Amino acid sequence: MYLPPHDPHVDDPMRFKPLFRIHLMERKCATVECMYGHKGPHNGHIQIVKKDEFSTKCNQTDHHRMSGGRQEEFRTWLREEWGRTLEDIFHEHMQELILMKFIYTSQYDNCLTYRRIYLPPSSPDDLIQPGLFKGTYGSHGLEIVMLSFHGKKAKGTKITGDPNIPAGQQTVEIDLAHPLQLPDIENLRDFSELSRIVLEVQEQVRREEQQREQRQEEEEEHSQQAASQPASPLGGEGAEGEETAAGAEGTTQDKAPASQPFVLPMGVISRNEDYPRTCRICFYGTGLIAGHGFTSPERTPGVFVLFDDDRFGFIWLELKSFSLYSRIKVSFQNAQAPSREAFDEMLKNIQSLAT
């Protein structure tokens, strides 16, 4: 099991916890041992389900239980997974969320299914190197997010989840065609000023989407009308429009300053106050929020803040909350996708599993 560091220390290294081991014997025989729990290795089972997928099962789940019952198990889990005790957590809502996460994760400790995850492919035009990042998610603690680039969009997909947003969901989406010009440092402290800027861009994005849909409808009508005619100018106009948009996007990023002062607006909550005080560039984006059990999910406006090659942040406007993300600096072998299509297919599969 690959665990993030204790909340909120996103720059600390990841932690490893063995879940099972295999003893290879003579004549192609093998024994499997489950490593979960605190009573030592015990009998387990591994089954190959299909290509890039296998499952493990514990045959002695009593080894996972503690003599002090669920209360002792919860306190031990809290100390190991969060690096704190129940007495350290004063906020009642946070206690509730942590308890929900314990119940949610502990019910899967005896039978697990594993599926291969590809790392996102990269290109020279990417804003930064894509990959895996540790991110702060308020009372949910640290979670793992995969940052990938898709043309004019960047996506942050949850690899680990929580009772509100499960793994596989797209937690943030960054609109690379809409950079944000932050106000000066004094005005940036005013949350209402940042909110005004973001909501103006949100309205601009909405109008552009409506215009795009209208153009598509008109082009379809023209295509149908011109089906019997010898030539149609629509192809040339469409190509010109795409070239102009791509050129505008490139120009925007080329003009981005090397760095600019940054501070969180008053009233925005951050689990980690040790965030960088300068940033390279900001973009309009949306973040996914939902109730417990992924109820009533909706995308809400926010600000993507690029600090450097290994750190970025996201301001959740509606929640008045800030998430700080730090790159996982570990080399994974055999994790590259064989093609862009294979990676995109994997993203769709893990999202469909989550829903």
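Residues numbered from 1 in each chain as written. Predicted model: local features only at pLDDT ≥ 70, side-chain atom pairs only at ≥ 80, totals over all residues. Heavy atoms only, no water.

The chain appears in an unreviewed UniProt entry as FBX31 protein from Chaetorhynchus papuensis. Quoted verbatim from the Pathway (unreviewed entry) heading of the UniProt record, the comment on the chain is "Protein modification; protein ubiquitination." (UniProt positions renumbered as here; feature names shortened; annotations may be inferred.)

Undergrad: Which parts of the structure should I look at to understand the environment of I197?
TA: Tracing the sequence through the fold places I197 in helix α4 (residues 191-225). Linking I197 and Y284, residues 87 residues apart in sequence, is a C-alpha distance of 9.6 Å. In this structure, I197 is in contact with L180, Q181 and P183, ignoring residues within four places of it in sequence. (Helix = DSSP H or I, 4+ residues; strand = E, 2+ residues; numbered from the N terminus. Contact = heavy atoms within 4.5 Å.)

Undergrad: I tried to follow a negative patch on the surface on my own but got confused; where do I start?
TA: On the surface, E209, E213, E217, E218, E219, E220 and E221 cluster together to form a negatively charged patch. Along the chain, the position of E209 falls in helix α4. (Patch = residues over 30% accessible without salt bridge, like charges linked within 9 Å, V, L, I, M, F, W, Y side chains within 5 Å. Areas by Shrake-Rupley, 256 points an atom, 1.4 Å probe, with all protein chains shown as cover. Salt bridge = Lys/Arg side-chain N within 4 Å of Asp/Glu carboxyl O. Lys, Arg positive; Asp, Glu negative; His and termini not counted. Charge placed at Lys NZ, Arg CZ, Asp CG, Glu CD.)

Undergrad: Teacher, can you tell me more about the packing of aromatic side chains here?
TA: Any pair of aromatic rings gets described here by the distance separating the centres and the angle formed by the planes. Summed over all chains, the structure comprises 19 aromatic pairs. Between F283 and F304 the ring centres are 6.5 Å apart and the planes differ by 45°, which places this aromatic pair in the tilted class. Note that F283 is positioned in strand β15 (residues 281-291) and F304 in strand β16 (residues 295-306), a separation of 21 residues in sequence. Among the residues examined, F283 registers a relative accessible area of 0% and is labelled buried. Residue classification places F304 among the buried residues on the basis of a relative accessible area of 3%. A centroid spacing of 5.1 Å and a plane angle of 75° characterise the contact between F314 and W316, whose relative ring orientation is edge-to-face. Judged by its relative accessible area of 4%, W316 falls in the buried class. An aromatic cluster of at least three residues, connected via ring pairs, comprises F133, Y137, F283, F304, F312, F314, W316 and Y325. K320 extends its terminal NZ or CZ atom over the ring of F191, reaching a point 4.7 Å from the ring centre. (Phe/Tyr/Trp six-rings, centres within 6.5 Å; stacked < 30°, edge-to-face > 60°. Buried < 20%, exposed > 50% of the residue type's maximum accessible area, 1.4 Å probe, protein only. Lys NZ or Arg CZ within 6 Å of the ring centre and 35° of its normal.)

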